[in-house]
Amino acid sequence: MSMTDENDDLFDSVLMADDRFRIEGYREGFEEGTRRGMIEGHNHGMIHGAKLSSEVSFYYGFAMTWKYLLQKNTHGKARKRLKAVEVLGDLIQKFPHEPQHENLQEDVERIRAKFRQVCSLLNVPMNFCDYVHGSGSQDF
Amino acid sequence: MVAIECLCVLIMSWVKALGSSEDVFDENADDISLQSKEWKYNMEKRAKDGFRDGINAGKEASLQAGFNQGYRAGALRMKAVGQLKGTASALQIWCQLQDPGSPAAASVSSLLQCVVQHEERIEAAMKRAQERPIPSVGDVSEDLANLGVGLTPEQGCGRTDCCKEDTDCSSSHSSCSTLLHSHPAGQSLEELLRWCMSIVVELGLPEGLLHHLQQIRKEFFRLCVRTFMKI
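Not measured: the values here are computed from a predicted model. (Residues numbered from 1 in each chain as written. Chains lettered and ligands numbered in written order. Predicted model: local features only at pLDDT ≥ 70, side-chain atom pairs only at ≥ 80, totals over all residues. Heavy atoms only, no water.)

## What to know about the overall build of chain A
Tallying secondary structure elements over chain A gives 4 helices and 0 strands in all. Reading chain A from its N end, one meets helices and strands in the order α-α-α-α. Put simply, chain A has 140 residues, and 46% of those count as buried. Residue pairs at least 24 apart in sequence account for 69% of intrachain contacts in chain A once pairs closer than 6 positions are excluded. (Helix = DSSP H or I, 4+ residues; strand = E, 2+ residues; numbered from the N terminus. Buried < 20%, exposed > 50% of the residue type's maximum accessible area, 1.4 Å probe, protein only. Contact = heavy atoms within 4.5 Å.)

As structure tokens, then:
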């Protein structure tokens, strides 16, 4: 190796040292940041997913229970109620618990509206609906 | 650039020292050590700056993925208790329509209250996890266990007290079949489901309701087993 090459190498390593330390730091930081981001995101997402699922699952349990309670009766009014709770149950079964679901807001609103309709068909007191909406609903 | 200048000065002082005399160390020792300290300090600063930028970039890149993962887990976690709450609410309304003063109506009301409390405990555990500072790598599994997601074989789904936060209620288990018994707070979901089933049986309600409750139970078991396997 010639003297010039050695000098070039030395000069390169001096120039590179600056970047090398920075890049090594960055790499370590990125790894740690990824881990922290996953945990922070997970904890945050969990609360949101839980909130919405709690509300929607409540509607589902409510609808299914009324479905079985109403099945004994076949007269006109009961049939209309039965139909409504079945539609509510179907809407929820089709509802995907995916945070990036395209029509999330619309689908949730449709389910809530159907639930309110079911409550009114069943003559469920309004304060019950309020309690449910107050405890279970969420803003996006 | 400061680092480069610093290194150049360092190298130049070496070259000068080698070229001049033999007792260089006596004359330049302090100078060289100072230069070397400065170099070290500057390189550490570079590494720190890189680390800080890396943390931000890493977080930005992973937050959404973490959110999605947590969202699905949270949704699954609440499914069974939410459905049971809806079921108990419907039964409460039904009982009040039939016979508001009946013991059955009172029992359904206290069941509903316990289910609501159970749900609140899960939510509180999730909020605690969110407020806690980010743990070091080794603490992560412990964190999940506190959420009631992690199950050890002893506390796992082979037994009735399915999730960790519910272990304080196993003593009340034997009283589950008593319709009028006022249950203390803290039952496991399994116990609450069985309590609900016993009410359905005692009220002579349609068979389909029992299947509905068994379905909730089955799905909940499956979730417990799956989360246990993951950890």
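## Some details on the overall build of chain B
Secondary structure assignment for chain B yields 6 helices and 0 strands. When the helices and strands of chain B are placed in sequence order, the string is α-α-α-α-α-α. Across the 231 residues in chain B, those meeting the buried criterion constitute 47%. Considering only residue pairs separated by 6 or more positions, chain B has 58% of its internal contacts joining residues 24 or more positions apart. Carbon and sulfur atoms form 57% of the exposed surface of chain B, whose accessible area is close to 12000 Å². (Areas by Shrake-Rupley, 256 points an atom, 1.4 Å probe, with all protein chains shown as cover.)

## Some remarks on helix α2 (residues 76–94) of chain A
All names here are of chain A. When the terminal C-alpha atoms of α2 are compared, their 27 Å separation across 19 residues agrees well with the 27 Å that a helix rising 1.5 Å per residue should span. Residues Ala 78, Arg 81, Leu 82, Ala 84, Val 85, Leu 88, Gly 89 and Ile 92 constitute the buried set of α2. All buried residues of α2 lie within an arc of 160° about the axis, which places them on one face of the element. Relative to its buried face, α2 has exposed residues pointing more than 90 degrees away, namely Gly 76, Arg 79, Lys 80, Lys 83 and Lys 94. (Expected span 1.5 Å × (residues − 1). Arc of directions from axis to C-beta.)

## So, the UniProt feature "domain: Essential protein Yae1 N-terminal" (unreviewed entry) in chain B
UniProt annotation of "domain: Essential protein Yae1 N-terminal" (unreviewed entry) refers to residues 50–88 of chain B when read in the numbering used here. Secondary structure across residues 50–88 of chain B divides into 100% helix and 0% strand, with the first and last C-alpha atoms of the span separated by 56 Å. (UniProt positions renumbered as here; feature names shortened; annotations may be inferred.)

## Structural notes on the UniProt feature "domain: Essential protein Yae1 N-terminal" (unreviewed entry) in chain A
UniProt marks residues 25–63 of chain A with the feature "domain: Essential protein Yae1 N-terminal" (unreviewed entry), using the numbering shown here. As annotated, residues 25–63 of chain A has a helix share of 100% and a strand share of 0%, and its two end C-alpha atoms lie 56 Å apart.

## Thoughts on the nonpolar core
Counting residues in hydrophobic clusters, the biggest one holds 66 residues, and the most contacted among them are A:Phe62, A:Trp66, B:Leu84, B:Leu111 and B:Leu213. Among the elements that make up this core, the one with the highest residue count is helix α1 (residues 3–70) of chain A (15 residues). Leaving out residues up to four positions away in the same chain, B:Leu84 has contacts with B:Val115, B:Leu189, B:Leu192, B:Leu193, B:Cys196, B:Leu213 and B:Ile216. (Core = buried A, V, L, I, M, F, W, Y, C linked by side-chain atoms within 4.5 Å.)

## Topic: the environment of A:Ile92
All names here are of chain A. For Ile 92, the position within the fold is in helix α2. Exposure remark for Ile 92: the relative accessible area of 8% places this residue in the buried category. Separated by 58 residues in sequence, Ile 92 and Thr 34 have C-alpha atoms that sit 34 Å apart.

## Some remarks on the packing of α2(A) against helix α3 (residues 104–121) of chain A
All names here are of chain A. Two numbers describe how α2 lies on α3: the axes approach to 10 Å, and their chain directions differ by 160°. Between α2 and α3, the angle falls in the class roughly antiparallel. The handedness of the crossing between α2 and α3 is left-handed. Of the residues in α3, those touching α2 at Lys 80, Arg 81, Ala 84, Val 85, Val 87, Leu 88, Leu 91 and Ile 92 are Arg 110, Ile 111, Lys 114, Phe 115, Val 118 and Leu 121. Grouping the constituent residues of the contact of α2 with α3 by class yields 10 nonpolar, no polar and 4 charged. (Axes fitted to C-alpha atoms, helices over the stretch in contact; angles between N-to-C directions. Parallel < 35°, antiparallel > 145°, perpendicular 65-115°, else oblique. Left-handed = near helix turned anticlockwise from the far one by under 90°. Nonpolar A, V, L, I, M, F, W, Y, C, P; charged D, E, K, R; others polar.)

## Details of the confidence of the model for chain A
Residue and element names in this part refer to chain A. Taken as a whole, chain A shows an average pLDDT of 84; of its residues, 84% reach a score of 70 or greater. Mean pLDDT across the elements of chain A bottoms out in helix α4 (residues 126–136) (54) and peaks in α3 (93). Taken as a whole, residues 134–140 scores under 50 in pLDDT and shows 15 contacts with residues more than four places along the chain or in a different chain. (pLDDT = per-residue confidence, 0-100.)

## A word on the interface of chain A and chain B
On the chain B side, the residues contacting the 54 residues of chain A number 66 residues. Note on chain A versus chain B: buried area summed over both sides is about 5500 Å², and carbon and sulfur give 72% of it. At the boundary of chain A with chain B, the tally comes to 4 salt bridges. In this structure, A:Glu98 engages B:Arg72 in a salt bridge whose closest nitrogen and oxygen atoms are separated by 2.8 Å. (Buried area = accessible area lost by both parts, 1.4 Å probe. Salt bridge = Lys/Arg side-chain N within 4 Å of Asp/Glu carboxyl O.)

## Considerations on the pattern of salt bridges
Applying the stated criterion across every chain yields a total of 16 salt bridges over all chains. In this structure, B:Arg46 engages A:Asp18 in a salt bridge whose closest nitrogen and oxygen atoms are separated by 2.8 Å. Within this pair, whereas B:Arg46 is found in helix α2 (residues 24–98), its partner A:Asp18 is found in helix α1, the two belonging to separate chains. In this structure, B:Arg46 and A:Asp18 share a single accessibility class: buried. The closest approach of N and O atoms between B:Asp53 and A:Arg22, which form a salt bridge, is 2.3 Å. With B:Asp53 in helix α2 and A:Arg22 in helix α1, this pair bridges two chains. Through salt bridges with shared partners, a single network forms among A:Glu32, A:Arg35 and A:Arg36.

## Re a nonpolar patch on the surface
A contiguous nonpolar surface patch, about 300 Å² in accessible area, is contributed by A:Phe11, A:Leu15 and A:Met16. Secondary-structure assignment places A:Met16 in helix α1. (Patch = residues over 30% accessible without salt bridge, like charges linked within 9 Å, V, L, I, M, F, W, Y side chains within 5 Å.)

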